[in-house]
Amino acid sequence: MQIKMNKGKMIIPDNPTIPFIEGDGIGKEITTQVQKILDSAIEKSYSGTKKIDWLEVLAGEKAFTEVGTWLPAQTIDAFRNHFIGIKGPLTTPVGEGIRSLNVALRQELDLYVCLRPVRWFRGVATPLLHPEKVNVTIFRENTEDIYAGIEWAAGTSESKKVLDFLQNEMGVKNIRFPNSSSFGIKPVSREGTERLVRSAIEYAIENQLPSVTLVHKGNIMKFTEGGFKKWGYDLAEREFSDNTFTEHRFNQIKVEKGLNKAVEMYNHAIESGKVFIKDVIADAFLQNTLLKPEEYSVIATLNLNGDYISDQLAAMVGGIGIAPGANINYLSGHAIFEATHGTAPDIVGKNLANPCSLLLSGVMMLNYIEWYEPAKLITSSLEKLFKNGYATSDLARFMEDGKPLSTSEFSSKVIEYL
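This write-up is about the structure you can find in this document. All figures in this text were calculated on a predicted structure; none of them were measured in a lab. Sequence order sets the numbering: in each chain, residues are counted from 1 along the sequence as written. Note on the predicted model: pLDDT of at least 70 is required for a residue's local features to be given, and 80 or more for side-chain atom pairs to be given and counted; whole-chain, interface and lining totals, by contrast, use all residues. Only hydrogens and water are set aside; all other atoms, that is, all heavy atoms of the structure, feed into the side-chain values.

1. Here's the deal with the overall build of the protein
Within the protein, the regular secondary structure consists of 15 helices and 17 strands. By the compact-globule yardstick of 22 Å for 418 residues, the protein fits well, its C-alpha radius of gyration being 23 Å. Here the C-alpha coordinates of the protein stretch approximately 60 × 60 × 50 Å along the principal axes. Only protein chains enter the calculation, and the probe is 1.4 Å; a residue is then buried if its accessible area is under 20% of its type maximum, exposed if over 50%, and partly exposed in between. Expressed as a percentage of its 418 residues, the buried residues of the protein come to 50%. Any two residues having at least one pair of non-hydrogen atoms within 4.5 Å are treated as being in contact. Expressed as a percentage of contacts within the protein between residues at least 6 apart in sequence, the contacts between residues at least 24 apart total 73%. Areas reported as accessible are Shrake-Rupley estimates using a 1.4 Å probe. Residue values count occlusion only from the protein chains shown. Summing over all exposed atoms, the protein offers an accessible surface of approximately 19,800 Å²; the carbon and sulfur share of this is 51%. Counting rule for charge: Lys and Arg are taken as positive, Asp and Glu as negative, and neither His nor the chain ends is counted. Here the site of a charge means atom NZ of a Lys, CZ of an Arg, CG of an Asp or CD of a Glu. Each charge sign in the protein was given a centre, from 45 positive and 51 negative side chains, and these centres are 3 Å apart. The way it works is that DSSP assigns letters per residue, a run of H or I at least four long becomes a helix, a run of E at least two long becomes a strand, and they are numbered from the N terminus. The atom set for the radius of gyration is the C-alpha atoms, and the globule formula is 2.2 Å times the number of residues raised to the power 0.38.

Written out as structure tokens, the structure reads:
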């Protein structure tokens, strides 16, 4: 049955139809196994009263082979009509077609949040001394910034027009090598910033988390990234004054009434359960997460920053192989859950792929539709497996007393431990 929206509320039937993209490369191997695990956990939780009706839709190499296009309109329509979907890793076509299938899906469905929760599973080897201190949820803006894809190659007539406009209309003088320069546009809007930061703050309040950090490079890009910081603070103080206390407000009080008064009001706000809204420059943030990761719980950031941040934090807890992700529009309800890694062509067909990124994205999907019981079962199963040293070889080889399993063996073990 089809998921529906009614007055902003998602209506989930007991047997929802959920479209899936198998994915390229290792996608076929991991998607099949992940569906088995999800189905088993749902059956164990609900004894047959609830079940996912899987609907395959095409994208990537499989779509190109079967229907001659990388991203068929029917696929986008299926995600739009059914609201929820899940996808394996996709190959981006080289030299033809669209820039990125993943970006295209996000843009077409206006999935403005890339949601990336990062946590450590005991037993997984990491480069950190205290990986248990990492427990961060990243809200990465998905539709603006450089991922809008607005650029012109050096030497083209288009880039010459842009150069002429910049130099002769806008008076730009500091392009060092104008004749060999390519150009890109980085759009950042108040509306795009506000809907992202609003989602991050609502998530922090709902989950009783201590802070939301606005990560930006506003010291250099004062009107784009600087605007992101300013608009984020403005939104928090305008819409969430009863639930938050901002670093911006702290600094205002410090100037007007002194440091002691500012500290007093900060302590009162935190003791009363308010979420602290703060900001940090992106490069300092990357350092701070290694030195004091416990200071961060929810991150709101722009698209390019979020790309770097997501991968670094994933590496801190064991790698992108156990990093889930989702692309969500909290206003329309549309969401696509996805593997965050690539297609791994070097191990295709060898039964070596790690299904955990896609599996944990499936857990996110279950939580999103409020099927909490199977989501908890799968998470608990993974915790037990990793603690006992069971993992696919990419993780097991670094674990103390690691027990390497094939893709299918690991998936069977997850089901056994449910």
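Here the narrative resumes, following the displayed structure.
2. Thoughts on the pairing of strand β14 (residues 324-328)
Among the five residues of β14, five are classified as buried, and the element is accordingly described as predominantly covered. A pair of strands is labelled paired if DSSP reports no fewer than 2 bridges between them. Pairing of strand β6 (residues 113-119) with β14, which is carried by three bridges, proceeds in the antiparallel orientation. Residue pairing across strands places V113 opposite I328, the latter belonging to β14. Here β14 runs beside strand β15 (residues 335-339); their pairing, made up of five bridges, is antiparallel. Bridge pairing in β15 links P324 to A339. The loop that links β14 with its antiparallel partner β15 comprises six residues; one of these, G333, has a positive phi angle of about 95 degrees.

3. Concerning the sheet that holds strand β11 (residues 244-246)
Pairing is mixed in the open sheet, where eleven strands are placed in the order β4-β3-β5-β15-β14-β6-β7-β13-β10-β12-β11. In this open sheet, the two strands that pair with only one neighbour each are β4 (53-56) and β11. Adjacent strand axes in the sheet meet at a mean angle of 25 degrees, parallel and antiparallel pairs treated alike. As judged from the four bridges shared by strand β7 (residues 135-141) and strand β13 (residues 298-301), these two strands associate in the parallel manner. What sits directly across from I138, in β13, is I299. Strands β3 (17-21), β4, β5 (84-87) and β15 of the sheet are contacted by helix α3 (residues 73-82), whose axis makes an angle of about 145 degrees with β3. Comment: axis = line fitted to C-alpha atoms, over the contacting stretch for helices; angle = value between 0 and 180 degrees taken between N-to-C directions.

4. Considering the environment of L129
Summarising the element assignment, L129 is placed in the loop between β6 and β7. In this structure the C-alpha to C-alpha distance between L129 and T32, which are 97 residues apart in sequence, comes to 35 Å.

5. Notes on the packing of aromatic side chains
Each Phe, Tyr or Trp ring (for Trp, its six-membered ring) is paired with any other whose centre lies within 6.5 Å, and the angle between the two planes then decides the class: stacked below 30 degrees, edge-to-face above 60, tilted in between. Evaluated as defined, the whole model comprises 14 aromatic pairs. Look at F245 and F276: their rings are 6.4 Å apart centre to centre, the planes differ by 20 degrees, and that puts the pair in the stacked class. Linking F245 in strand β11 with F276 in strand β12 (residues 275-281), this pair joins segments that are 31 residues apart in sequence. Here F386 and F410 contribute two aromatic rings whose centre-to-centre distance is 6.1 Å and whose plane-to-plane angle is 25 degrees, an arrangement assigned as stacked. Taken together, the residues span a long stretch of sequence, with F386 in helix α13 (residues 372-387) and F410 in helix α15 (residues 407-417) at a distance of 24 residues.

6. So, α13
Given a helix with a known number of residues, its expected span is that number minus one, times 1.5 Å. The end-to-end C-alpha distance of α13 is 22 Å, a good match for the 22 Å that 16 residues give at a rise of 1.5 Å each. The complete set of buried residues in α13 reads P374, A375, I378, T379, S381, L382, L385 and F386. Each buried residue of α13 lies within a common arc of 155 degrees when the element is viewed along its axis, so the set occupies one face. More than 90 degrees from the buried face of α13, the exposed residues found are K376 and K387. Next to the buried residues of α13 lie α1 (27-46), β6, α12 (356-368), β16 (390-392), α14 (393-396) and α15. Just past α13, the residue G389 takes up positive phi, approximately 90 degrees. By definition, the arc is the one covered by directions from the helix axis to the C-beta atoms.

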